[in-house]
Amino acid sequence: MRDTSHIVPADRRLPTGEFTVMIAMLFATIAFSIDAMLPALPEIAAELTPDAVNHAQLILTAFVLGMGAGTAVAGPISDATGRKPAIIGGFTLYIAGAVMAHYAPTIELLLAARVIQGLGAAGPRIVGLALVRDLYEGREMARVTSFAMTIFMIVPAVAPSIGAVIIGLAGWRAVFLAFVVFGLIASLWLGLRQPETLLSPRRRPLSGRNILSAAREVLSDRDVRLYTVVMTLGFGQMFALLSTAQQLFDVTYGQGADFPKWFALMAAIAASASLLNAKLVMRVGMRRLATDAYLWQALSSAVVLALVLGGIGTGWPGFAVFFLWGSSVFFMAGLTFGNLNALALQKMGHIAGMAASVISAISTILAVLIAGPVGQAFDGTPVPVILGVVLCSALAWMLMRRTMPH
């Protein structure tokens, strides 16, 4: 008989609608912190690193690197102290990093502040996932996560526009003050409305032995290892596109002035994927949806790469092809990440915080090792990032075929 002792009683659950929106806001900490910075990259490059404009991309990857490192500790801390203290503590560090970034006089200090911000953002992102796992499991968890991702995708749609408005009114440094406000609102909502889901009897003391034991259990599972590598490839290709998006729209296709609008449309298209996944996952299943999505992404990206190498150009036909392809990368993320997280945590409900940390830390940090070189290889064309997506999606598809059906 299946052990369900780790599932939290219904009387400690918020209404599903409010819970989903709140979780979406916790997840959106990452997207808002990355996407709102995209319109600021040219000004930051001109002011802090004029001799090496590609270095401005590191503002994004530094945040992701910090987030990856933070995921290694956020989960174990939440398993020991409870979900709410770990999330609110993460937001406190996130806000401190934002304040430091606001006043940073050099690119080096700005990057350090972004690493700190990323460390803090790991709390809401990873512990939020553990909180969902406390309350739901299996396809129901994937369904709730997919609905949350639908709302979450609204943030990338509007974040560049919000960033552009803030920059126009008060300069690029003011964007970091918006992060402070965001962190305060999310912390208050969680603190005032969400009951603690990890009560004292189920907590695991924060010790090296317990952490190693849980990590060993997570990594000893073959399917969990495979899903973690697949998420690494998925995050890697998405972060690579994000880090080069502003340059591609501006330098390659001459759409810099309208970049926030195009990016909003791209994100809106992608948001429909999570909504579609929430409807399909209960019938089709998590594994099949993710597997088919990566196959489609690999094949379609290979076709686009051939068109670009064949000389489709940088005019409107070339831009249309690039835009549709870029939208498809984010669309596929909506069909995969919620399912992969649910699959990886399926058997790890009793150590959800630690499992979420191990999986996310590995996948995020290694994703930076993929996205960083691809971003720095930007040569005025979309070839490096498209090639990166072809390789990552093809490998992800092959690995998904090796996992066991659930």
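Each chain carries its own residue numbering, running from 1 in the direction its sequence is written. Given that this is a predicted model, residues contribute local features only at a pLDDT of at least 70 and side-chain atom pairs are listed and counted only at 80 or more, while totals for whole chains, interfaces and linings are drawn from all residues. Values shown for side chains rest on all heavy atoms present in the structure; no hydrogens or waters enter the calculation.

A. Focus on the overall build of the chain. Helix and strand labels come from DSSP, where a helix needs a run of H or I of at least four residues and a strand needs a run of E of at least two; each type is numbered from the N terminus. What the chain contains, in helices and strands, is 15 helices and 0 strands. Oriented by its inertia axes, the alpha-carbon framework of the chain measures out at about 60 × 45 × 35 Å. Pairs of residues are marked as contacts when any of their non-hydrogen atoms sit within 4.5 Å. When contacts within the chain are restricted to residue pairs at least 6 apart in sequence, long-range pairs at least 24 apart make up 88% of them. In these tables, accessible area is a Shrake-Rupley quantity obtained with a 1.4 Å probe, and a residue counts as shielded only by the protein chains included in the view. Accessible surface computed for the chain: about 15500 Å², of which carbon and sulfur atoms make up 69%.

B. Representation of the side chain of R114 within the structure. As for its placement among the helices and strands, R114 is situated in helix α5 (residues 107-135). This buried residue, R114, is left without a salt bridge; D35 holds the nearest opposite charge, at 8.7 Å. Buried residues are those whose accessible area, probed at 1.4 Å on protein chains only, stays under 20% of the maximum for their type, while exposed residues exceed 50% and partly exposed ones sit between those limits. His residues and chain termini do not enter the charge count, which takes Lys and Arg as positive and Asp and Glu as negative. One speaks of a salt bridge when a side-chain nitrogen belonging to Lys or Arg is within 4 Å of a carboxyl oxygen belonging to Asp or Glu.

C. Just helix α8 (residues 175-193), in detail. The terminal C-alpha atoms of α8, which comprises 19 residues, lie 27 Å apart, in line with the 27 Å expected from a rise of 1.5 Å per residue. Buried residues of α8: V175, F176, A178, F179, V180, F182, G183, A186, S187 and L190, and no others. Expected span of a helix: the number of residues minus one, times 1.5 Å.

D. Expanded view of the pattern of salt bridges. Using the criterion set out here, one finds 6 salt bridges in the structure. Residue E18 pairs with R193 through a salt bridge whose shortest N-O separation is 2.8 Å. Note that E18 is positioned in helix α1 (residues 16-35) and R193 in helix α8, a separation of 175 residues in sequence. For R173, the salt bridge identified is with E47, shortest N-O distance 3.6 Å. With R173 in the loop between α7 (154-170) and α8 and E47 in helix α2 (residues 41-48), the pair connects residues that are 126 residues apart, well separated along the chain. The class for E47 is partly exposed, based on a relative accessible area of 47%. One connected set of salt bridges, linked through shared partners, spans D79, R83 and D134.

E. Expanded view of the packing of α1 against helix α4 (residues 83-103). Only the contacting stretch of a helix is used when fitting its axis, a line to C-alpha atoms as for every element, and angles between N-to-C directions run 0 to 180 degrees. Where α1 meets α4, the axes come as close as 12 Å, and the angle between the chain directions of the two elements is 15 degrees. For the element pair α1 / α4, the angle class is roughly parallel. The handedness of the crossing between α1 and α4 comes out as left-handed. Along the contact surface, α1 presents L26, T29 and S33, while α4 presents I87, F91 and Y94. Gly counts as polar in this scheme, as do all residues outside two lists: the nonpolar Ala, Val, Leu, Ile, Met, Phe, Trp, Tyr, Cys and Pro, and the charged Asp, Glu, Lys and Arg. Residue classes in the contact of α1 with α4 are distributed as 4 nonpolar, 2 polar and no charged. Reported orientations rely on four angle classes, namely roughly parallel under 35 degrees, roughly antiparallel over 145, roughly perpendicular from 65 to 115, and oblique for the rest. Helix crossings are classified by the rotation of the near helix relative to the far one: an anticlockwise turn of less than a right angle makes the crossing left-handed, while a clockwise turn makes it right-handed.

F. Focus on the nonpolar core. Here, nonpolar core means buried Ala, Val, Leu, Ile, Met, Phe, Trp, Tyr and Cys residues that are tied together by side-chain atoms lying within 4.5 Å of each other. Grouped together as the largest cluster of nonpolar side chains are 129 residues, with contacts concentrated most on F19 and L110. For this core, the element with the most residues is helix α10 (residues 222-252), which contributes 15 residues. Here F19 is in contact with L14, L131, V132, L135, Y136, V144 and Q194, once residues within four sequence places are set aside. With 5 residues, the next largest nonpolar core counts A273, A293, F331 and L335 among its residues.

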